[in-house]
Every structure is written in C-alpha cells, then in structure tokens.
Amino acid sequence: MRKRLVILGAGESGTGAAVLGCAQNWDVFVSDFGKIATKYQDELNLHNIAWEQEQHTAEKILNANCIVKSPGIPDKAPIVQAAKAKGIEIIDELELAYRYTNAKMIGITGTNGKTTTTLLTYHLLQQAGLNVGLAGNIGRSLARQVAQQSFDIYVVEISSFQLDYLDTFTCEIAILCNITPDHLDRYNYRLEDYADSKMRITRNQSAGQHFIYCADSDLTLEAMARNPFDGHAIPFSLTEKFTEGSQLFDCGAYAEGSIIHIYSKENYTLDMQEFTLRGQHNTYNSMAASIAASLMDVRKDSIRESFGNFQNAEHRLEFVQKVGGVDYINDSKATNVNSAWYALESMDRPVIWIAGGIDKGNNYADLKALVKGKVKMIICLGLDNIKLHQAFQSDVDLIINTSSAKEAVHVASRMAEGGDAVLLSPACASFDLFDSYEDRGRQFKEAVRNL
C-alpha cells in the first residue's frame, strides 16, 4: 500500500512537492485553504493528483504519513495543530526534495540580502560552467527540479519559516547574511527565537562543511554562541580585517573602501566600483558569494568576470528609468527597516523616499540619521501612515500621504528636481494596498514608465 503524502498549500513550493511525491509513487493529496492558481490546477490535473481548494478537509489530511507544509502557513493554524497532535511528520518542501537527491546544497538565509546573495552565488557558479540549479524562494521549487531535472549543486534561498521544518537537510556551504528583527509575530515576539531559527541552517553540518557569516552582526554572533555547530566557520566583515591565518581563520573576507579582500582557496581582491552592485549591503552580499564560489573551486578570474555581467533581482534596488534627470529606483522588496536602511545608505544624491504599508512593529529610530542627511521629502504609500509621520516629521520638510503607486509616482515627479532619486523602499509589508511586494514594485514601475 502506498504511503500518503499530503501537501498543504498549492503555490510553486506545494505543487512542486506534489509533482515530486507523484514521481516517487506516493499517494498524493493537495489541500489549499485559498484559491489555487489555474496554472497549478492544470499541473495537478495533468499528473492525476487529487486536490481541494478553499478548505482543509481533516479526514483527507489527517490520514497522512507525511505532510509538506507551505512556509506561509503558521504553526497555530488548526489543521497544523491537529496534525501535530496526531504525531504526523510535518516537513518543508526543501526537506522532501533533499531526501531524493544527492546534489550538494548551498543554503543562504538572513533577514536581508539573501535574495541578492543567492542570485549572485548562482551566477558565479553557473558562469564558471558548473551544473547548478537555483531554488528555494526564487524561481522553480527545489522539489520540482529534483523531480524533473538533474543538477550537481543547488543554490537555495531559505527563509526562517522553511528552516523550521527541515530535518535531514544539510548544506555543504551555509551562508547567514545577517540577523535583524523581522517576522517576530511568528516567533512569540522573541528575537532570540527568530535568531535561533536562522541558525538551523547549520543543522547537520559536519566539520568538512562550511558556514559563512557576517562578523559585524552582533545578533548573529550571539545566536552562534547559543547554537553550537560542526561546520567550518568563515567570517566576512566591513570593520575587521580577516587576513590569511589571522585569528585562527584560514579564510574569510573583509572590505577596505570599495576593495574586497577574499582569503580562500585563492587570495584575491575585487573592486566594487567596477561592478553594478552598489551600497554597503551589496558589499556584504558580494563577500559572502565570493567566498562560496571560491570554496566550490571557481577561479578568481572567472569570479571577476561574472561580477561584471551580474544583474540583480527585480524589486531589489532596481533602476527603472531616468525621467527629467531624476532616477527612479524600485526597492519594493525592502519590507523591513533594515532593508530600507541599506537602500538609503547606498544613495549618493538627494532622495524622495516612498515608504509605508503594513507596519510590522517597526522601530524607525535607526533610519533617522540617514533620513536627515539624505531625504528631501517622504511620500507615504499605505493606508495608515501615522507612525511614519511621527517618526520623521522633525527630519524632513514635507511628508505627503498617497494611496496608490500611480499617485505616489505622480507626486514624486512633481516635487523632484534634476539630480534627485525617487526611491521606493517601503520598510513595510505590502498587503494593505497590493497583492504582494512584487505587485507593488510592478505598479511603481508601470507608473514611472507612464510619466
């Protein structure tokens, strides 16, 4: 009798898990409490996989041998609680995929920077000719690729929600970009719980595997102290020099101005001024990705060449267009204060800052110095902008409320002068006015292109 695999959530992750389960001869059932997109309905039907939408039918779910849960479904959801009470194994799609592949995993997590670091690491390996796949929160699900393709290496962006439901999953190279407060509503409003979740990326690592981390992140260092691991620790920093053999570190990276120094299987430097990536946050991301590529035996000449033709992710400090001498920049993926800090820090001209949305308990104090020094005016894009007004009313001359991307861009275009930058970097979630941060970013870009 076939074992029963139940998938909760039928997005890219869940549908990919269903396809892999079907290929591995599980009795697969998919249940989504919302509507399932037509393209995923068609795919499930193509594979003769049973599914339901807009409900979770307990009788069809709680007879599972294993449940793959979408990262977006919280632990407190009744169906998850019921499954746990019955002792049913609950895992993430990444864990399911890992059980059916021998490929090496490069796992990347962090509050901010993980998407850019993931894309850059993948780009460096792919350009070097390695047989590498890109998965996790980016593009096609890992499970789908394991079912339908064959890669030797996967570069995987992993959220804390995914890390919470990994069991045997092991990273040949694990990267923790940073830890700053985020998603605390899912972690009992305890920063330590959130940070400890991030450290699960080191779980199951052996001494021959590698953990790359930011030595400038105090929360990361504290989490490392609470969560011992066996992986080989490799630091990167903007403030501390990790030279070859220093402080017992045989490899690492540090930056002096625009120059990055990498100490690994090869020692070399990169001049960030020669490449498209800008800002302090991208210096961090570049150090982490370069170390990972070096550990995978990518030569320094290949790394330099690949940096020169790398294009960053959509909605992450994405240059949209110059209109009337004004640069319009889409950083819609900046859904927390720390991301917005990095975006503002990277600006080298006067800024009209478009911010706002659903506040996740934000503390804007860390942004005040940057706002005072760089921001001409703030355009609020959200339904409730009181906290933004209260935080910055003494730091800028003008704060204006808007309720659509089109209105925000129109106001910005009227107020901007040649040489300014209009920066959408919301520091907030998008769900008050938009379907997602992607929807917010695309509406912003459309409005800019219609100026």
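Since we're looking at a predicted model, the values are computed, not measured.

Structurally, the position occupied by Asp216 is in the loop between strand E10 (210–214) and helix H10 (218–226). A sequence separation of 38 residues divides Asp216 from Asn178, and the C-alpha atoms of the two residues are 8.5 Å apart. Residues contacting Asp216, with those up to four places away along its chain left out, are Phe236, Ser237, Leu238, Thr239 and Tyr284. Reaching out from Asp216, the side chain makes a polar contact with the backbone nitrogen of Leu238 at a distance of 2.7 Å. Here the side chain of Asp216 touches Tyr284 through a polar contact of 2.6 Å, side chain to side chain.

Applying the stated rule across the entire model yields zero disulfides. Free cysteine Cys171: the closest other cysteine sulfur is in Cys177, separated by 12 Å. Cysteine Cys177 is unpaired, with the sulfur of Cys214 as its nearest cysteine sulfur at 8.8 Å. Residue class for Cys177 comes out buried when judged on its relative accessible area of 4%.

As enumerated under the stated definition, the model contains 10 aromatic pairs in all. When the ring of Phe211 is compared with that of Phe229, the centres are 5.0 Å apart and the planes differ by 70°; the resulting orientation is edge-to-face. Taken together, the residues Phe211 in strand E10 and Phe229 in the loop between H10 and strand E11 (232–237) connect sequence positions 18 residues apart. Owing to a relative accessible area of 0%, Phe211 belongs among the buried residues under this scheme. In this structure an aromatic cluster arises from ring pairing among Phe211, Tyr213 and Phe229.

Rules used in this analysis
Along each chain, numbering runs from 1 in the same order as the chain's sequence is written. Local features in a predicted model are, by the rule used here, given only for residues with pLDDT of at least 70; side-chain atom pairs are given and counted only at 80 or more, and totals for whole chains, interfaces and linings are based on all residues. Processing note: side-chain calculations cover all non-hydrogen atoms of the structure and skip hydrogens and water entirely. For the purposes of this entry, the term helix denotes a DSSP run of H or I that reaches at least four residues, the term strand denotes a run of E that reaches at least two, and both are numbered from the N terminus. In this analysis, two residues are considered to be in contact whenever any of their non-hydrogen atoms come within 4.5 Å of each other. Pairing of N or O atoms within 3.5 Å defines a polar contact, subject to two protein rules: one partner must be a possible hydrogen donor and the other a possible acceptor, and residues neighboring in sequence count only if both atoms are side-chain atoms. Only a pair of cysteine sulfur atoms within 2.5 Å counts as a disulfide in this structure description. Only protein chains enter the accessibility calculation, which uses a 1.4 Å probe; a residue whose area is less than 20% of its type maximum is buried, one above 50% is exposed, and one in between is partly exposed. Aromatic rings from Phe, Tyr and Trp, taking only the six-membered ring of Trp, are treated as a pair when their centres fall within 6.5 Å; an angle between ring planes under 30 degrees marks them as stacked, one over 60 as edge-to-face, and anything in between as tilted.

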